[in-house]
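Secondary and tertiary structure notes
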Amino acid sequence: MPIILLLALAILLVVLLGPQWWVRHVLERHGVERPDLPGTGGELARHLLDVAGLHGVKVELTGDGDHYDPEEPAVRLLPQHHDGRSVAAVAVAAHEVSHAVQHANGERAFAIRFDLVRKLVWVDRIASGLLLLAPLILILVRAPFLFGLQILAGLVLLTTRVAVHVATLPVELDASFGKALPVLEPIGRYLSAADMPAPAPSCEPRLSHMWRRR
């Protein structure tokens, strides 16, 4: 039974950490400095926020991962994306600004996502604690049943995290493909045609609809 639980844990960790690893790999691949780009990721974020009329949203450096904080409100970028001139910096800045636009538009899906992700903090802590302490409990108490119960509880909590991320995936897709991608080419031409996945001749009409507060 413990072997089955450990196997299930390994599969769950692959499902949970695999996408994060892939995103990190893609960002590193496109994180090469590009002197030909007209500005840094931080400058682009400020520009897009101003275009959207979100002058009160700050752009800040962070060491805690790129994110938009609706409580401040602030778009926070890692140093390589805030100060860097790269395709990755442009993409990340536009994505996080898109979350600010979702928030300003009062989009319910964004509000639900923010609430769920905030509640996930304690879920992650409990799950990590259970999984890290399980081997120690097995050694000290010598109770395989208790060990299996801890592993099972940790798996359930991690599964909850996966379910939340899957449920909120449409919010992320909208930020990247529904809002960020269509505005990158027409606004300031931060990326060249070669950097874009496809021509976007119809992006301009969508700009006022997507990026102005309702």
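So, how was this worked out
- Residues numbered from 1 in each chain as written.
- Predicted model: local features only at pLDDT ≥ 70, side-chain atom pairs only at ≥ 80, totals over all residues.
- Heavy atoms only, no water.
- Axes fitted to C-alpha atoms, helices over the stretch in contact; angles between N-to-C directions.
- Helix = DSSP H or I, 4+ residues; strand = E, 2+ residues; numbered from the N terminus.
- Parallel < 35°, antiparallel > 145°, perpendicular 65-115°, else oblique.
- Left-handed = near helix turned anticlockwise from the far one by under 90°.
- Contact = heavy atoms within 4.5 Å.
- Salt bridge = Lys/Arg side-chain N within 4 Å of Asp/Glu carboxyl O.
- Buried < 20%, exposed > 50% of the residue type's maximum accessible area, 1.4 Å probe, protein only.
- Pairing = 2+ DSSP bridges.

This part covers the packing of helix H4 (residues 87-104) against helix H7 (residues 169-184). How two helices sit against one another is set out by the angle between their axes and by the gap between those axes. In the contact formed by H4 and H7, the axes pass within 8 Å of each other and the chain directions differ by 115°. Judged by the inter-axis angle, H4 sits roughly perpendicular to H7. For the crossing formed where H4 meets H7, the hand is right-handed. Across from Val90, Ala94, His95, Ser98, His99, Val101 and Gln102 in H4, the residues of H7 making contact are Val171, Glu172, Asp174, Ala175, Ser176, Lys179, Ala180 and Leu184.

Enumeration according to the criterion identifies ten salt bridges in this entry. For glutamate 60, the salt bridge identified is with lysine 58, shortest N-O distance 3.5 Å. Judged by its relative accessible area of 24%, glutamate 60 is partly exposed. Of the charged contacts in the structure, one is a salt bridge between arginine 76 and glutamate 72, with a shortest N-O distance of 3.9 Å. For arginine 76, a relative accessible area of 14% puts it in the buried group. A relative accessible area of 42% places glutamate 72 in the partly exposed class. Counted as one network, the salt bridges with shared partners bring together Lys58, Glu60, Asp69, Glu72 and Arg76.

On to the sheet that holds strand S1 (residues 58-61). Whenever strands of a sheet pair, they do so through backbone hydrogen bonds, lying parallel or antiparallel. Across the sheet, three strands lie side by side as S1-S3-S2; this open sheet has mixed pairing. Strand pairing shows two members of the sheet lacking a second neighbour, S1 and strand S2 (67-69), which therefore form its edges. Strand-to-strand twist in this sheet, taken as the mean axis angle between neighbours without regard to direction, amounts to 25°. Both S1 and strand S3 (residues 74-77) contribute to a ladder of four bridges, which runs parallel. Bridge pairing links leucine 61 to leucine 77 in S3. Sitting on the sheet, helix H2 (residues 41-51) touches S1 and S3, and the angle it makes with S1 is about 165°. Along the sheet, H4 contacts S2 and S3; its crossing angle with S3, the most-contacted strand, is approximately 160°.

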